Structures are given as structure tokens and as C-alpha cells.
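What the coordinates show
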Amino acid sequence: MYPTVARRLYFALQAIRGEPLPTALADVRRTERLSFDELLHLQAVRQLEQLRFAAAHVPYYRRALAPLRGMLASARTWADVAAIVQHLPVIEKGTVTAASSEFTADNATSLPVYLDRTSGSSGTPLVFPCDQRAWAYRHAVTHRCMEWFGVAIGEPYALFFGLHWNKRKRAEVALRDRILNRVRVSAYEISPARVDAHLAAVETFRPTHFVGYPSAISDFCSLIRDRGFDLRGLRLK
């Protein structure tokens, strides 16, 4: 797919999803040029918003921040926020999964959120409420990082990631990959027996960059090198 077509399709789909990606992109592009003091001020403003929301709506942090209510009310600067945060205990994932209601906002059901989850690559997946604004910033930060290397939204890429065992899910993933202009290399099938097929798929697709698990990309490149092939012909960015 032509990058221009892929880019327009991508933004159209994000708009249909209700994801304010253009706004988030403009924000992260603007903030990367802020001075150090301006960044500290922005961090303070956003962290205070987060802390005050947690104190008002999240049971665990309502209790944890209760003794700090005065500090939270008068806080204005980054140093003020740092002084508050250092009083909060470190939370492990197991603590959250064992008592998820304690870490969920009491007004979550009235907010435009849905349940999201981590991949579970380190063990048990963590399930948490998420909204489209959060997704927009996740995507915006990724795109901003890609722009540092000259990669524009819509360019073809190879994704080194997992692949669902269910056939219906695989069909859905294949459609999503096509829409997002990417070829998928299963991170769990990178082996001497499969590397030739993966290489053929990548060379046919002509990606401008690789995305995915660093270990999977490293293993793929090592196997290619051991076979005497050279990936420089792909002209990756």
C-alpha cells in the first residue's frame, strides 16, 4: 500500500474510533521543544491533576494521600509534587491484580473507558481501564519517536510480535496488519527452519523499518547474518 494512502486510512480509522490522535501529536511535538523548566512545570501540572483525581476517586490512594491532603492542596511546583510522591509506597503488579477494585476509580463506569490489558509477557496480564485519549498519546509518542529517524506515519514496516493461536483471531490480525501497512513476523517462530520464509516475506514487502520485541528482531538479524545474507539492501531507516 502507498504510504500516503495508508496514512490517510490510519487517521480516518482513528477518528472513527474516537481517538484524538491529531491533538495528541500536536501536543507531543510541541512539548519536545520546551525548555527544561517548562517541562518541569508541565510535569507538575499533569501529575497534580493525576494525584488529585486519585485522591478523590481511587480507594487505595484516597487513603494513602489522606495524610498529605494539605500538601496536595497547596502544591504548585515540580518540587512540591516530588515531595508528595516520595511519601507514597511502591506498588507491585500482584498487589493491584489481587485487589483491582481498590485501584479502580469509583466513577470509572461513568467515564468513556473500556478494559485494556498488558500482553502478560512477564507473567499475569494486568487489566486496567483505558480511554481513547490515553491511546492517542501512546500512539503519538511512538510516532514522534519514529519521526526522529525519518519514519513517517503510513510507511510499510515489519512487525516482530506475537500471533494468536485462534484462527478467527489470526484472520482479524491479518486484516489489521494489511490496513496498518505492515508484514508480521511471529516472534515465536524465529528459528533456522523458518527464517528463510520470514526473510522472503520481509523482502517482498520492502519495509522501511522494523518494530517489535528487540530480542526477536535481534534473533532474526543474527540468523540472517549466519546464513550469509545482507539486510542492507532493504535500506531500513
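As the structure is a computational prediction, the values presented were derived from the model and not from experiment.

According to the stated counting rule, one finds eight aromatic pairs in the structure shown. When the ring of Tyr 60 is compared with that of Phe 103, the centres are 4.7 Å apart and the planes differ by 25 degrees; the resulting orientation is stacked. In this pair, Tyr 60 is assigned in helix 4 (residues 59-65) and Phe 103 in the loop between helix 7 (93-98) and strand 1 (113-117), connecting sequence segments 43 residues apart. Phe 103 shares its class with Tyr 60; the two are buried. Taken together, a centroid distance of 6.2 Å and an interplanar angle of 75 degrees make the contact between Phe 210 and Phe 220 edge-to-face. In this pair, Phe 210 is assigned in strand 5 (residues 209-212) and Phe 220 in helix 11 (residues 214-226), connecting sequence segments 10 residues apart. Residue Phe 220 is classed as buried on the basis of its relative accessible area of 0%. Through pairs of rings, three or more aromatic residues link up here, namely Tyr 60, Tyr 61 and Phe 103. Stacked on the ring of Trp 135, the Lys or Arg Arg 138 has its end atom at 3.9 Å from the ring centre.

As a further point, take the state of the cysteines. According to the stated counting rule, one finds zero disulfides in the structure shown. Free cysteine Cys 130: the closest other cysteine sulfur is in Cys 145, separated by 20 Å. The class of Cys 130 is buried, set by a relative accessible area of 4%. We note that Cys 221 lacks a disulfide partner, and the nearest cysteine sulfur, in Cys 145, lies 17 Å from it.

Looking at the element boundaries, Asp 116 is found in strand 1. By relative accessible area, which is 12% here, Asp 116 ends up buried. Ignoring any residue separated from it by four or fewer positions in sequence, one finds Asp 116 in contact with Leu 126, Val 127, Phe 128, Cys 130, Trp 135 and Arg 138.

Viewed as axis vectors pointing N to C, helix 1 (residues 3-16) and helix 2 (residues 21-31) meet at an angle of 110 degrees, and their least axial separation amounts to 9 Å. Judged by the angle between their axes, helix 1 and helix 2 are roughly perpendicular. Where helix 1 approaches helix 2, its residues Tyr 10, Phe 11 and Gln 14 are matched on the opposing element by Leu 21, Pro 22 and Leu 25. Partitioning the contact of helix 1 with helix 2 into residue classes produces five nonpolar, one polar and no charged.

Each value, and the rule that gives it
- Residues numbered from 1 in each chain as written.
- Predicted model: local features only at pLDDT ≥ 70, side-chain atom pairs only at ≥ 80, totals over all residues.
- Heavy atoms only, no water.
- Phe/Tyr/Trp six-rings, centres within 6.5 Å; stacked < 30°, edge-to-face > 60°.
- Helix = DSSP H or I, 4+ residues; strand = E, 2+ residues; numbered from the N terminus.
- Buried < 20%, exposed > 50% of the residue type's maximum accessible area, 1.4 Å probe, protein only.
- Lys NZ or Arg CZ within 6 Å of the ring centre and 35° of its normal.
- Disulfide = S-S within 2.5 Å.
- Contact = heavy atoms within 4.5 Å.
- Axes fitted to C-alpha atoms, helices over the stretch in contact; angles between N-to-C directions.
- Parallel < 35°, antiparallel > 145°, perpendicular 65-115°, else oblique.
- Nonpolar A, V, L, I, M, F, W, Y, C, P; charged D, E, K, R; others polar.

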